[in-house]
Amino acid sequence: MAEQKQRVRRKESRADEILACADKLFLENGFEETTFSDIAKEGKMARSTIYLYFKDKNEILKAILHKSFVSHMPIIQHASLYESKTVGELFNNAVIGIEKFFDEPRFIHRYQMLFNLAIKHPYIAKMMNEESILPTKELWNQHCARLNVSQKMTDYFFSSLYSIFLMACLSGNIFGEENPLLEFKDFSKIYREGILQLEILQKNKTKGE
């Protein structure tokens with residue numbers, strides 16, 4: 001039994017090593033430009049070894065995306081989201097969580113690469129939807145359901161959150177360090193304050209009625 005567990009751990013470790021090498025090369029050289037031979041050379045392993053774990057680069061990219069999503073669950077499921085008492089607070093805390101992603105250049109670079117690939121390749125867009133967008137939306141739906149938010153408003157706020165993230169990623173990708181737009185944290189602060197003010201106005205309107 002102990003020997004079997006050791007083999008499983010060794011197999012998982014090898015797969016993680018392949019993913020780490022592939023992720024590094026995808027970000028440095030591009031997904032389409034990187035070959036299995038490049039990954040094998042980076043990991044000092046035989047090319048055939050990679051095929052024992054992944055049939056092609058798409059499968060590797062999917063595994064990287066899934067691993068990234070799982071590793072960021074502490075941010076996606078931060079305690080402040082569960083403590084939110086209104087949709088305004090929930091949105092506010094969700095955007096603060098998104099801000100943390102922008103402290104990780106590697107994370108942002110990876111999503112910039114994925115967005116560019118998704119524009120050209122529908123199967124990568126589908127992959128992003130399945131491995132990242134839909135699981136995140138499901139968590140958001142659960143939070144909104146707890147606060148009795150209508151499905152229409154739930155979808156609206158999620159689209160807004162995703163648009164903020166997408167715009168920040170793409171503007172950085174287009175303009176780089178010379179980005180003429182607001183820094184993401186400055187933009188999100190303005191947006192968050194607007195949502196909170198909107199909620200206050202809505203409450204006052206409801207009281208007046």
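In short, a report on the structure. (Residues numbered from 1 in each chain as written. Predicted model: local features only at pLDDT ≥ 70, side-chain atom pairs only at ≥ 80, totals over all residues. Heavy atoms only, no water.)

## Focus on helix α8 (residues 105-120)
Then step 1. Between its first and last C-alpha atoms α8 spans 23 Å; for 16 residues at 1.5 Å apiece the expected length is 22 Å, and the two agree.
Then step 2. All buried positions along α8 are accounted for by F107, I108, R110, Y111, Q112, M113, L114, F115, L117 and A118. (Helix = DSSP H or I, 4+ residues; strand = E, 2+ residues; numbered from the N terminus. Expected span 1.5 Å × (residues − 1). Buried < 20%, exposed > 50% of the residue type's maximum accessible area, 1.4 Å probe, protein only.)

## Considerations on the environment of I164
Then step 1. Relative to the helices and strands, I164 resides in helix α10 (residues 151-175).
Then step 2. A sequence separation of 66 residues divides I164 from I98, and the C-alpha atoms of the two residues are 9.1 Å apart.

## Focus on the pattern of salt bridges
Then step 1. This structure, assessed with the given rule, holds 10 salt bridges.
Then step 2. Between E17 and R14 there is a salt bridge whose closest N-O contact spans 3.0 Å. Highlighted residues: E17 and R14, both in helix α1 (residues 2-29), separated by three residues, approximately one helical turn.
Then step 3. For E17, a relative accessible area of 29% translates into the label partly exposed. (Salt bridge = Lys/Arg side-chain N within 4 Å of Asp/Glu carboxyl O.)

## Observations regarding the nonpolar core
Then step 1. Counting residues in hydrophobic clusters, the biggest one holds 54 residues, and the most contacted among them are F26, I39, I60, L61, Y111 and W140.
Then step 2. Those elements giving two or more residues to this core turn out to be α1, α2 (36-42), α4 (57-71), α5 (73-76), α7 (87-101), α8, α9 (122-146) and α10.
Then step 3. The contact partners of F26, leaving out residues within four places of it in the chain, are F31, T34, I39, K57, I60, L61, I64 and M113. (Core = buried A, V, L, I, M, F, W, Y, C linked by side-chain atoms within 4.5 Å. Contact = heavy atoms within 4.5 Å.)

## Brief notes about empty space enclosed by the protein
Then step 1. Scanning the model with the defined rule gives one cavity of 30 Å³ or more in all.
Then step 2. Lining the largest cavity are 25 residues, and of these I76, I98, F101, T136 and F158 sit closest to its centre.
Then step 3. Elements represented by at least two residues in the lining of the largest cavity include exactly α4, α5, α7, α8, α9 and α10.
Then step 4. Looking at the lining of the largest cavity, the element that brings in the most residues is α9, giving seven residues.
Then step 5. Of the residues contributing to the lining of the largest cavity, the split by class is 17 nonpolar, eight polar and no charged. (1 Å grid on protein atoms, 1.4 Å probe; cavity = no way out; pocket = protein on both sides within 12 Å on 5 of 7 lines; lining within 4 Å. Points joined across faces, edges and corners; volume = space filled by probe spheres on them. Nonpolar A, V, L, I, M, F, W, Y, C, P; charged D, E, K, R; others polar.)

Shape descriptors only; they carry no functional weight alone.
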